[in-house]
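The primary structure of each chain is shown beneath.
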Amino acid sequence: MKSSQSNERNALTVDGIRFETLVPKWRIAIPKQEDIQKPVQFGLKITNQSSLPYRFSFFGLMPELRDENEQLLFRVGNTNRVKIPQESDYFLALPGKSFTHFPEVKLSWNQYKLQFWGRGSFDGFWNFRHLQRGKYEARFLYKNEKSIQKLRHGGTVEGIWVGEVSTPWVEFRLVK
C-alpha cells in the first residue's frame, strides 16, 4: 500500500484514493440543557484519483478523538443488532469522482456529562464521554479487508477498495 501526504493537512492519499477528514465548523457551541442534542458535522470525503473504479462502504468506518494533550479518548460502542450490508451500501467512485459521507453525529448531555456520539453504518452506536470545553482533534479509521462482498440474499458486490487508512487529525474546539 503506497501512501503520500496530500498538500492539504486534512487529507491523505493511499493507492490513488484520497481520504479527507471534514469538520466544517471548527468552533462548536456546547448545548446548555440536559435534554438538548446538537447535530455536529463530522465526515469523510473519498476521491478516486486512480484509473480504476472502486466501491466503498462505511461499515469499516470509526472515529477517533484526542484531547489537547494528544491523548486518545476512550470510545464506547454497542449494537442491538448488526445490519447486513446490501448492494446499496456500497458507493461507486469512478476515476476522478468523489463522494462525501456525514454519519449522524451529535453533542449531548448524559447524566450531566457531555458526550460526542454517533451512529455507525452497522446499526450500532459509538460515543466519547466526559468532554469539556477546549481543543480536540478528530479523524476516521477506515478499513476494508475484502474486494468481493457476498450479500445476504445472494449475489456479490465486486471491485471494493481494500486497505486501511487513518485520516489526518483535524482540530475543533468546544466552546460555551
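Note: the structure precedes this text.
I will try to describe carefully the structure that is included in this document. In this text the structure is predicted, and so the values were computed from the model without any measurement. (Residues numbered from 1 in each chain as written. Predicted model: local features only at pLDDT ≥ 70, side-chain atom pairs only at ≥ 80, totals over all residues. Heavy atoms only, no water.)

1. Side note on the side chain of E137
Mapped onto the secondary structure, E137 falls in strand β15 (residues 134-144). Assessed through its relative accessible area of 12%, E137 is described here as buried. A distance of 2.5 Å separates a polar atom in the side chain of E137 from a polar atom in the side chain of R66. When neighbours within four sequence positions are excluded, E137 is seen to be in contact with E64, L65, R66, E70, W169, V170, E171 and F172. (Helix = DSSP H or I, 4+ residues; strand = E, 2+ residues; numbered from the N terminus. Buried < 20%, exposed > 50% of the residue type's maximum accessible area, 1.4 Å probe, protein only. Polar contact = N/O pair within 3.5 Å; in protein donor to acceptor, adjacent residues only side chain to side chain. Contact = heavy atoms within 4.5 Å.)

2. Focus: the pattern of salt bridges
Per the stated rule, a full pass over the model turns up 6 salt bridges. A salt bridge links E104 to K106, with the nearest nitrogen and oxygen atoms 3.6 Å apart. Owing to a relative accessible area of 34%, E104 belongs among the partly exposed residues under this scheme. (Salt bridge = Lys/Arg side-chain N within 4 Å of Asp/Glu carboxyl O.)

3. Describing the side chain of E64
Tracing the sequence through the fold places E64 in strand β8 (residues 61-67). By relative accessible area, which is 13% here, E64 ends up buried. Ignoring sequence-local partners within four residues, the contact set of E64 consists of L72, R75, F128, E137, A138, R139, L141 and W169.

4. Considering unusual backbone geometry
Here the phi dihedral of D15 falls at roughly 50 degrees; this positive angle occurs in a residue that is not glycine. On the basis of relative accessibility, which here comes to 34%, the residue D15 falls in the partly exposed class. The residue E70 is not glycine, and still its phi comes out positive at about 65 degrees.

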